[in-house]
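Each chain is listed here by its residues.
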Amino acid sequence: MPAIMNGLTLAKQMNAEVIALYVVDQTAFVNFSMDSTIVSIFSLLEKEGKAAVKLIETEGEKLGVKVTSKIHEGSPSKKILEEAKDCDLIVMGTLGRSGISKLLLGSVAERVVRYAPCPVLIVRSPQDKEDLNDEN
């Protein structure tokens, strides 16, 4: 939610429009046959995506910010970068992965920052901040 509110607040201040993008990550399912379990998980992720963009639409409406929602399937970083071609700024949150998980899975945020055609604002989740405090 912090990334959503930061992005919408900035859009309001700049009189900008927002694209609410959710990418159902199909890369996780590449090596699996499409049995009922995988289809069920995919449906759950799609439902989660619809709820996420609806939340952004609702919050944007409260602030008077125009929001266009898009749900795509595929590699999250690739789809974000494709959508960003005509954007002035990308705002995204972090999922708080660390250690081996981050090393093996990579970081969508890191790839977007590295290859984006525009500036990228990364908003840390409260969990990321707690993890940082625990390390000290």
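The coordinates are above.
Keep in mind that this is a model prediction, so the values were computed, not measured.

Chemist: Would you take a moment to explain the overall build of the protein for this structure?
Modeler: In terms of regular secondary structure, the protein is built from 6 helices and 4 strands. The secondary structure elements of the protein, listed N-terminal to C-terminal, are α-β-α-β-α-β-α-α-β-α. By residue count, 28% of the 136 residues in the protein fall in the buried class. Excluding contacts between residues fewer than 6 apart, the proportion of contacts in the protein whose partners are at least 24 apart in sequence is 74%. Of the roughly 9,300 Å² of accessible surface on the protein, 54% is carried by carbon and sulfur atoms.

Chemist: How do you make sense of the nonpolar core when you look at a structure like this?
Modeler: Soluble globular proteins tend to bury their nonpolar side chains together. Among the nonpolar cores identified, the biggest contains 12 residues, and these are I4, L8, A11, V18, A20, Y22, V24, F42, V53, I56, V65 and V67. For this core, the secondary structure elements donating two or more residues are helix 1 (2-14), strand 1 (18-25) and helix 2 (36-63). Ranked by residue count, the leading element in this core is strand 1, at 4 residues. I4 has contacts with L55 and I56, leaving out every residue within four places of it along the chain. Judged by nonpolar contacts, the second largest core, of 9 residues, contains I80, L81, M92 and V112.

Chemist: Please clarify how unusual backbone geometry should be interpreted in this entry.
Modeler: Note: most residues except glycine have negative phi, and most peptide bonds are trans. Here the phi dihedral of N15 falls at roughly 55°; this positive angle occurs in a residue that is not glycine. Structurally, N15 is set in the loop between helix 1 and strand 1. Classification of N15 by relative accessible area gives exposed; the value is 72%.

Chemist: Which parts of the structure should I look at to understand the pattern of salt bridges?
Modeler: Summed over all chains, the structure comprises 6 salt bridges. With a closest N to O distance of 3.2 Å, K62 and E59 form a salt bridge. You can see K62 and its partner E59 sitting in helix 2, 3 residues apart, about one turn around the helix. Classification of K62 by relative accessible area gives exposed; the value is 62%.

Thresholds, definitions, all that
- Residues numbered from 1 in each chain as written.
- Predicted model: local features only at pLDDT ≥ 70, side-chain atom pairs only at ≥ 80, totals over all residues.
- Heavy atoms only, no water.
- Helix = DSSP H or I, 4+ residues; strand = E, 2+ residues; numbered from the N terminus.
- Buried < 20%, exposed > 50% of the residue type's maximum accessible area, 1.4 Å probe, protein only.
- Contact = heavy atoms within 4.5 Å.
- Areas by Shrake-Rupley, 256 points an atom, 1.4 Å probe, with all protein chains shown as cover.
- Core = buried A, V, L, I, M, F, W, Y, C linked by side-chain atoms within 4.5 Å.
- Salt bridge = Lys/Arg side-chain N within 4 Å of Asp/Glu carboxyl O.

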